[in-house]
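# Topology and contacts: notes
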Amino acid sequence: MNRVTALVLFFLLIPAPLPAAAAARTLEWTRVLPGIWSAAVGRPDSVHFLQTAGVSPRREALEAMGDVPCPLEPALIRGEVREGKTLLHFPLEKGERIFGLGLHFKTVEQRGRILRLHMDHYGGTDNGRTHAPVPFYVSSRGYGIWINSARYIDIWVGTAVRKDSRHPPEVRDRNTDRQWTARPYSDNVEAVIAAEGAEVYLFGGPGLLDVVRRYNLFQGGGCLPPRWGLGFWHRVPTLYTADQVRGEVEEFARHGFPLSVIGLEPGWQSRSYPCTYEWDRGRFPDPAGLAADLKRRGIYLNLWLNPYISPQSELFQPIEPYTASHTVWAGLVPDYSRKEVQELLGRHFRKHHLDQGVSGYKMDENDGYDSWLWPDSAEFPSGISAEQMRTLYGVMMQKLATSLFRERNLRTYGLVRATNSGAASFPFVVYNDYYSHPDFITALVNSSFLGVLWTPEVRSSRTAEEWLRRMQSVCFSPLAMLNAWSDGTKPWSFPEVETQVREIAQLRLRLLPYLYNCFADYAFYGTPPVRAMNLDPGFAAAAEEVAGAVDSSANPYGEAIRREIKDQFLLGDSLLVAPLFAGQSQRKVILPKGKWYDFYTGRPAGDGEILTVAPGLDRIPVYVRDGGIIPMLEEGLRIPDGKVPLEIRHYGSKDAVYELYDDDGSSYDYEKGKFSRIRLAVTGGESGEKKGSVAVPKGSRLWSYSDFRWVFPSN
Ligand code: GAL
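Computed from a predicted structure; not experimentally measured. Here the residue numbering is sequential within each chain, running from 1 through the sequence in written order. It should be noted that, the model being predicted, local features are given only for residues of pLDDT at least 70 and side-chain atom pairs only at 80 or more, the latter also being counted only at that level, while totals for whole chains, interfaces and linings use all residues. Side-chain measures were taken over the full set of non-hydrogen atoms in the model, leaving aside hydrogen atoms and water.

Another point: the sheet that holds strand 31 (residues 629-633). Pairing between strands is defined by DSSP: at least two bridges between the two strands are required. In this description a helix means any DSSP run of H or I spanning at least four residues, a strand means any run of E spanning at least two, and both kinds are numbered starting from the N terminus. Taken in spatial order, the 3 strands line up as 31-32-36 in an open sheet, and their pairing is mixed. Lying at the two open borders of the sheet, with one neighbouring strand each, are strand 31 and strand 36 (705-711). On average, adjacent strands in this sheet sit at an angle of 25 degrees to one another, irrespective of strand direction. Relative to strand 32 (residues 644-650), strand 31 is paired through 5 bridges, and the arrangement is antiparallel. From the neighbouring strand, Ile629 faces strand 32, where its bridge partner is His650. Only heavy atoms enter the contact rule, under which two residues are in contact if any of them lie within 4.5 Å. Fitted lines through C-alpha atoms give the axes, limited to the stretch in contact for helices. The angle between two N-to-C directions lies from 0 to 180 degrees. Docked against the sheet, helix 12 (residues 498-510) engages strand 31 and strand 32, running at close to 110 degrees with respect to strand 31. Lying over the sheet, helix 13 (residues 512-525) contacts strand 31, strand 32 and strand 36, oriented at roughly 125 degrees with respect to strand 31.

Below, the structure written as structure tokens:
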């Protein structure tokens, strides 16, 4: 090689100088729908939550909410792509509180935390690894930020301090200044997404509940379960036979316990971990016969499964080309984004399950556990990365399962251990194995910011007290379930509290009309059925007021409502639920401003104050807002098929109007307008001469109620 060639080669081989880091720029926002704006940084992935879920916004409901001014100064939101990653900065104000960013179990407020949003089985630390690592946060200032990216997302929520900060912390001398802190004030949120672009959404309020409603409506609104889904669920031990299931059902009747769903655990299948999705003919010789017998008693059948396919399954050969490079428990991992997988699984599930009378699924193990899940290096035939697959797998499974019932015009309700943005309209409730009762309630509070439903399921307990306390809270949750898969417990396992457990399960059933209404609000208006206290408009406003006060230390109520509230929640518009945990004989309850009444007696409980209550073991404290209307069924052990009398309770002295929602309770016809809203109204509350009226709009049909009886507790 001569010197000239060598020189030319030398210059050719020198790497081109790296382009100067693109400076973060402000994002360009486009109004998408009323109170919703979007912006893109770099080249967003083509695979994301909305496209995967295949959902579209509920435009009409969003139009009805109307426009709001952009809640954040657009110039303060910046983004850039650097070294193949997307970086985002968002502003924070003093006193601003941040909620959301995944289903946490110990914390509700996320300011001051660093999270990696990563689909996983919750491991006991609120670090972002969880069953619903939803990249959405709600600010106490009445706006929400959503990152529509199915990647692991690192996020520093008010911990990092930028040199160009608008409100930099004071420099303090640690030698002499006792106010020095290792964690100085930060006025920004920073996110890093390992992708060359991302789409970001901004949701307006004005209130926090409006933000959440807009977010939920944008992804198709919440789900409306079939009525039977809101009854009492019981999952039998894993190796139970059909005869044992029948025996269990008899026992429920003998003990006078309501029962709406029987869940079968892994042993219904010929093989599990990995799964065949085919019946074990020894334990279940006639699945269709069993399902039909149960249905005659008003009981629906739910099947456990996980995504991994056994070599013994009919599916194994045909589905193999559409599965990942790796196996889980030596089973195939189907690429749910592939049409072929959807068709093969669809055919298999119809034949073995839906055609046999099965009504839903519990979809387990789709969240992770790194030690047995596919690694991030795995390949899927669709080309979707392993990381994105992990983030979206639960959403994809919910979508497929929902569609199988939808094609028969049937609603389903079930369980899933992994969910994410985009899935609010899929009728699945999240659960896990973590089993801390107080932390389960914190998860319930957190779920309400995220378009996610959660159940604090009951499995076993050390004492009768714990058993009853757990039963009390699960009966006020989106899915009331005893999961006896490994313990074989029955609701009556602790005879000392059998009566109280029966009472709470029966109350669950009696509350069905109220619960169903809560879910109709979720589906039509995006309003979550369970709500954090911070989502209550009056409460949130009061908390913000206190935040602005110079010194709130002389105001214990103000102090309390400013603190993180993770052990009480609202159910619908009118109920406040304050569970007790084993070992507690009393607890504090924070009542929002306005009068509240005891649910059981109708007596006044307080108004904008902190109560200390000692309700005894028999009851879970439940309060009703002034003017609260609670429609209830009469006592019974099953969800009625046809029309039954309705008891309508009105609490307090405020005149009130309530729209009682009704439809056929099981099909999707309500989406075509086949539903009614019955106007229940109370006047004369102030004068003590209460009068209740029921107005069925002309031409409206009644599916569920034959006549109406008003009750004014304590009057
Ligand atoms: C676990 C699941 C339990 C139960 C069990 C059956 O993964 O969380 O609820 O279904 O599997 O093996």
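Alright, that's what it looks like, and here's the rest.
Before going further, it helps to spend a moment on unusual backbone geometry. With an omega dihedral of 15 degrees, the bond running from Gly205 to Pro206 counts as a cis peptide bond. Looking at where Pro206 falls in the secondary structure, it is placed in the loop between strand 13 (197-204) and helix 4 (208-218). For the bond from Tyr273 to Pro274, the omega torsion is 5 degrees, close enough to zero to count as cis. Summarising the element assignment, Pro274 is placed in the loop between strand 15 (261-264) and helix 6 (287-296). In the Ramachandran plot, Glu83 falls in the positive-phi region, its phi being about 50 degrees despite a non-glycine side chain. Position of Glu83 among the secondary structure elements: in the loop between strand 4 (78-82) and strand 5 (85-91). Its identity is not glycine, yet Tyr273 carries a phi of approximately 50 degrees, on the positive side. Take Tyr273: it is sitting in the loop between strand 15 and helix 6.

Put simply, two rings from Phe, Tyr or Trp (the six-membered ring, in Trp's case) pair if the centres are within 6.5 Å, and we call them stacked under 30 degrees between planes, edge-to-face over 60, tilted for the rest. Tallying each qualifying case throughout the model produces 51 aromatic pairs. For the pair Phe90 and Tyr137, a centre-to-centre distance of 6.2 Å together with 85 degrees between the ring planes defines the contact as edge-to-face. Of the two residues, Phe90 sits in strand 5 while Tyr137 sits in strand 9 (residues 136-139), which places them 47 residues apart along the sequence. Like Phe90, the residue Tyr137 is buried in the burial classification. With centroids separated by 6.1 Å and ring planes inclined at 50 degrees, the aromatic side chains of Phe524 and Tyr670 adopt a geometry described as tilted. Of this pair, Phe524 sits in helix 13 while Tyr670 is found in the loop between strand 33 (656-662) and strand 34 (676-683), placing the two residues 146 residues apart along the sequence. Both residues of the pair, Phe524 and Tyr670, belong to the buried class. Linked through ring pairs, Phe49, Phe136, Trp146, Tyr201, Phe203, Tyr215 and Phe218 together constitute an aromatic cluster. Definition used: whenever NZ (Lys) or CZ (Arg) falls within 6 Å of the ring centre and also within 35 degrees of the ring normal, the charge is taken to sit over that ring. Its end group placed over the ring of Tyr516, Arg227 keeps NZ or CZ at 4.2 Å from the ring centre. The lysine or arginine in question, Arg470, covers the ring of Tyr435, its NZ or CZ lying 3.6 Å from the ring centre. For each residue, the accessible area found with a 1.4 Å probe, counting protein chains only, is set against the maximum for its type, and the residue is called buried under 20%, exposed over 50%, and partly exposed in between.

This part is about the side chain of Gln388. Within the secondary structure, Gln388 is located in helix 9 (residues 386-406). Beyond its immediate sequence surroundings of up to four residues, Gln388 is in contact with Asp45, Val47, Ala150 and Arg151.

Now for the site of the ligand. Neighbouring the ligand are 13 residues, the closest being Glu265, Tyr273, Lys362, Asp364 and Asp433. Whenever a nitrogen or oxygen atom comes within 3.5 Å of another N or O atom, the pair is scored as a polar contact, on the condition that within protein one atom can donate a hydrogen and the other can accept it, and that pairs from neighbouring residues in sequence are kept only if both atoms are in side chains. Here Asp364 contributes a side-chain N or O atom positioned 2.6 Å from an oxygen atom of the ligand. A distance of 2.8 Å separates an oxygen atom of the ligand from a polar atom in the side chain of Arg417. Using the Shrake-Rupley algorithm and a 1.4 Å probe, accessible areas are obtained, with residue cover drawn only from the displayed protein chains. Protein coverage of the free-state accessible area of the ligand, which is 310 Å², stands at 95%. Along the lines of polarity and charge, the residues of the shell around the ligand split into 5 nonpolar, 1 polar and 7 charged. One heavy atom within 4 Å of a molecule or strand makes the whole residue count as near it. When residues are grouped by polarity, Ala, Val, Leu, Ile, Met, Phe, Trp, Tyr, Cys and Pro land in nonpolar, Asp, Glu, Lys and Arg in charged, and all others, Gly among them, in polar.

It is worth spelling out the pairing of strand 10 (residues 143-147) at this point. Strand 10 sits mainly inside the fold: 5 of its 5 residues count as buried. Residues Tyr143, Ile145 and Ile147 of strand 10 are buried on one face, and the alternating residues Gly144 and Trp146, pointing to the opposite face, are buried as well. Relative to strand 10, strand 9 runs antiparallel, the two being bridged by 4 bridges. Its bridge partner lying in strand 10, Val138 is registered against Gly144.

A few words on helix 5 (residues 242-254). By this rule the span expected of a helix is its residue count minus one, scaled by 1.5 Å. Its 13 residues place the ends of helix 5 18 Å apart at the C-alpha level, agreeing with the 18 Å of an ideal helix rising 1.5 Å per residue. Those residues of helix 5 lying buried are Ala242, Val245, Glu248, Val249 and Phe252. In an axial view of helix 5, the angular spread of the buried residues amounts to 115 degrees, which keeps them on one side of the axis. In helix 5, the exposed positions angled more than 90 degrees off the buried face are occupied by Asp243 and Arg254. On its buried face, helix 5 is in contact with strand 14 (232-235), strand 15 and helix 6. Arc definition: directions from the helix axis to the C-beta atoms.

In short, the description is geometric, and any link to function would need to be established separately.
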